[in-house]
Amino acid sequence: MNKTKTLNHANTLNKPIDRRRFLSGSLATGAAIGASSMMSTNLMAMPAKKGGTLRVGFTQGATSDSTDPATFNNDFMFTYAYGVFNNLTEIAPDGSLIPELALKWDATPDAKMWIFELRQGVSFHDGKELDANDVIASINHHRGEQSKSSAKPLLADITSIKALDKYTITIELAGGNADFPFIFSQYNLVIHPAKGESIDFTSMNGTGAYKVKQFEPGVRALYQRNENYWKEDRAHLDEIEIILISDPAARLNALTTGEVDLIDRPDLKTLHLLKRRKGLRVEQTTGTKHYTLPMLSDVAPYKDNNVRQALKYAIDRQEMVDKILKGYGTVGNDHPIAPSMRFFNNELKQREYDADKSRFYLKKAGLKKLDIQLNLAESAWGNDTVNGGVLFSETSAKAGINIEVVREPNDGYWSNVWLKKPFCASYWGGRPTADWMFTTAYADGVSWNESRWSHEKFNQLLVAARSELNQERRREMYFDMQRLVHDEGSTIIPMFGNYVLAMNDKVQHGQTASNWNLDGLRFMERWWIS
Amino acid sequence: MNSILLMTLKRLSLGVITLFVVSLIIFSAVEILPGDLAQEVLGQTATPETIAAFRHELGLDKPAISRYVSWLTNMIQGDFGHSLANGRAISDLLSDRFSNTLFVAAYAAIIAVPLALTLGILAALYRNSWFDRIANITTLSSISFPEFFVAYILILFLSVNNSFFPSLANISDSMPLSEQLYRTILPAITLTLVVVVHMMRMTRASIINVLASPYVEMARMKGMSPARVIVFHALPNALAPIINVIALNLAYLVVGVVVVEVVFVYPGLGQLLVDSVSKRDITVVQAASLIFAGTFILLNLIADILSILSNPRLLNPR
């Protein structure tokens, strides 16, 4: 341990945190998070109450869902992951990284070699004690040739994982990454018990706050509190029942008739009616979810940055937010970093709709008018995707850009349209760090670089910033990267969508995290009912 | 009687061939759909390497014909196989869902069939009266609205505005039967409203048809009451077409309820099939479609046997 030098920011995170002090501390800084929470202050002050059953109506989930963490791809499985299992690290409601199963971590000065010390005395639901083997097997499940995991690209940089002793593991990376511990907060990377070289994911045996009582993919899940849970002041509810209600009207009915206490993704069109009902409330969180319109930057006419700029000025962002998101969102500035994130570039001027500027750039590209196709489906932006495309074509027409909106089938949208058609719609759930977001979708050559954008300076900055330990220099680099994506990127980012929930007044919680929907998907162990 | 047995055997073997053809059509249809299970499950998070690994694990990289043949050999040995998506045994997956579907179908049938027959007989008895017209108008309008609309209307009046019945029909095995019946009453009523008109109008029409025959006139001239004429003389001879329509509607109650399942969040077979098709989980799709096809074949067979029993002339085609 004394050979490794502690990182600046890791240092502050490594201090043992008293949970109560931490909570009160984050409340004081709550204002700095801005619009991240709509709760009234007296709700926050209420202490958590133990007991009771919370019934939740969920949109996403399917009969085909598997408990294999490599394939988690919807809210039903995400909350299963965070409710039944633990990660090495956790994203706190204020967006900072706090220890979970890893008690502390350190890195060499080049951020290439990481050492994680595990919490001792944590046991799985079946009584087995957690040790380094379980952690290594759980990480390796997402690595290697045979792995089908969606977390595989995140771990691609790892060259070796070793256990130093029962509670210490070291991880070696091909390149330095100062934000590396953030990765372990991802829902795929929950810690399962090891079974030989691999993991046992069929017995649903975790170290988390809730035990599985009934689990029927595509229908419902019933969870029961783990009485031996190691975290204090978490896991308030006795039981949590999650029912899948994919039909928006049925979901709303279930809430108004008291069949469930909480629903996710309420129909935005009817929310104003829901608000009239007594005993129900609507909450929204400005998170990292953003809607994108990627243009393949190696295909004409999008090769020319002037054309891309022309399109960026031809979209009326505020009108989009008002009409497509019904006001439940904020305008985007053509880069994927949310205002609530560390290193958000607040000096960048907000791009507005400007038909003249759009015309100017079109002229600069040597074009009088432009005829293009925009391919979209509801998979991308939700029910109103096509309306969004039509709205864009209306405002762009005034700038001489004629957009033909092509409606694609939802089925197979991500395999047949996205990354294939030169101009389409997409969205990102957002990532907790700027590096993660840029590396996932903007770095040269990565498979999810949805615009095939390749910018030399940007890629240099991205690698340099990843292992830069000086926070000031790091901030400057991320500011530059946001400016580059804003000015030269090949993705239009018209808006950031809020996470919206509707619930009855029994449902209570503290400050909510904004990294995912449902309090960073950790509502199961954080929320309570009164 | 022997000839009925012979016909049953013939029809059953034809049914097996039909099932085989159905499985072939379904398999090719799912193959033609864009994307496969690996792409659908990984969705936006897929990379070429993970898709290749996934396909290899599931054997999706083998040619379609060899996959179909191996599925068929297992199937003939009575092994439905496992869901490709989550590895659960299909027999487990289907048995719960199918019994749920049968439960609500039977529930609706128990309300709908007697109701339709009674209404039909009464409408024939008092034909062209106000009762006949009102019965026709109400039942025709209830089938003219889409199922989900009927369902929403019922929810609005019986669940949201007055909390008589629950809006979710989420039943589980641990519930007592009375609770299950209470929770599924709205889907049962919705289905009843949808199927009743077909059976009722057929009952009315075929009875009226028979009423023109000389033997009915004879019965009338003997001084029988109109009700007795219809129930004991006309109805037995009108049964064959009625039975056929009832069988068709029962089949519909089993296979056509997916919209109702979605609106009431009822865990039936239809929802399972939709999920599986959208994920290209071909083994589950195959098994579910075979069950649906089998239901149709069996119900039709039963209907034919019953019509023949009610009218033996049908056994000897002219």
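Cut-offs used in this document
- Residues numbered from 1 in each chain as written.
- Chains lettered and ligands numbered in written order.
- Predicted model: local features only at pLDDT ≥ 70, side-chain atom pairs only at ≥ 80, totals over all residues.
- Heavy atoms only, no water.
- Contact = heavy atoms within 4.5 Å.
- Buried area = accessible area lost by both parts, 1.4 Å probe.
- Salt bridge = Lys/Arg side-chain N within 4 Å of Asp/Glu carboxyl O.
- Polar contact = N/O pair within 3.5 Å; in protein donor to acceptor, adjacent residues only side chain to side chain.
- Helix = DSSP H or I, 4+ residues; strand = E, 2+ residues; numbered from the N terminus.
- Nonpolar A, V, L, I, M, F, W, Y, C, P; charged D, E, K, R; others polar.
- Patch = residues over 30% accessible without salt bridge, like charges linked within 9 Å, V, L, I, M, F, W, Y side chains within 5 Å.
- Areas by Shrake-Rupley, 256 points an atom, 1.4 Å probe, with all protein chains shown as cover.
- Pairing = 2+ DSSP bridges.
- Axes fitted to C-alpha atoms, helices over the stretch in contact; angles between N-to-C directions.

**Some words on the interface of chain B and chain A**
Alright, step 1. The interface of chain B with chain A comprises 41 residues on the first partner and 47 residues on the second.
Alright, step 2. In total, about 3400 Å² of surface goes out of reach between chain B and chain A, with carbon and sulfur atoms giving 54% of it.
Alright, step 3. Considering only the side of chain B, the residues that lose the most area to chain A are Q44, T45 and L168 of chain B, jointly responsible for 17% of the buried surface there.
Alright, step 4. Between the two partners, chain B and chain A, sit 1 salt bridge.
Alright, step 5. One salt bridge connects E259 of chain A with R183 of chain B, and the closest N-O pair in it is separated by 2.4 Å.
Alright, step 6. The interface formed by chain B and chain A holds 4 residue pairs in polar contact (both at pLDDT 80 or more) in total.
Alright, step 7. Those elements that provide at least two residues to the side of chain B that touches chain A are α2 (37–42), α3 (48–58), α5 (90–125), α7 (147–161), α12 (258–264) and α13 (269–278) of chain B.
Alright, step 8. No other element matches the 6 residues that α3 of chain B contributes to the side of chain B that touches chain A.
Alright, step 9. Looking at the side of chain B that touches chain A residue by residue, the classes come out as 19 nonpolar, 12 polar and 10 charged.

**A word on a nonpolar patch on the surface**
Residues and elements named next belong to chain B.
Alright, step 1. Taken together, the side chains of F145, F148, F149, I153, L156, F157 and V259 present a nonpolar region at the surface, about 590 Å² in accessible area.
Alright, step 2. Among the elements that line the nonpolar patch, the one with the most residues is α7, at 5 residues.
Alright, step 3. With respect to the secondary-structure elements, V259 resides in helix α12.

**Side note on the sheet that holds strand β7 (residues 168–173) of chain A**
Residues and elements named next belong to chain A.
Alright, step 1. Read across the sheet, 4 strands follow the order β4-β5-β7-β6 without closing on themselves; strand pairing throughout is antiparallel. The open sheet has two edge strands, β4 (102–107) and β6 (158–165), and neither has a second partner. Strand-to-strand twist in this sheet, taken as the mean axis angle between neighbours without regard to direction, amounts to 20°.
Alright, step 2. In the sheet, β6 pairs with β7 via 6 bridges, with the strands oriented antiparallel. Directly across from K162, in β7, lies its bridge partner T170.
Alright, step 3. Contacts from helix α5 (residues 132–140) reach β5 (113–118), β6 and β7, with the element oriented near 170° to β6.

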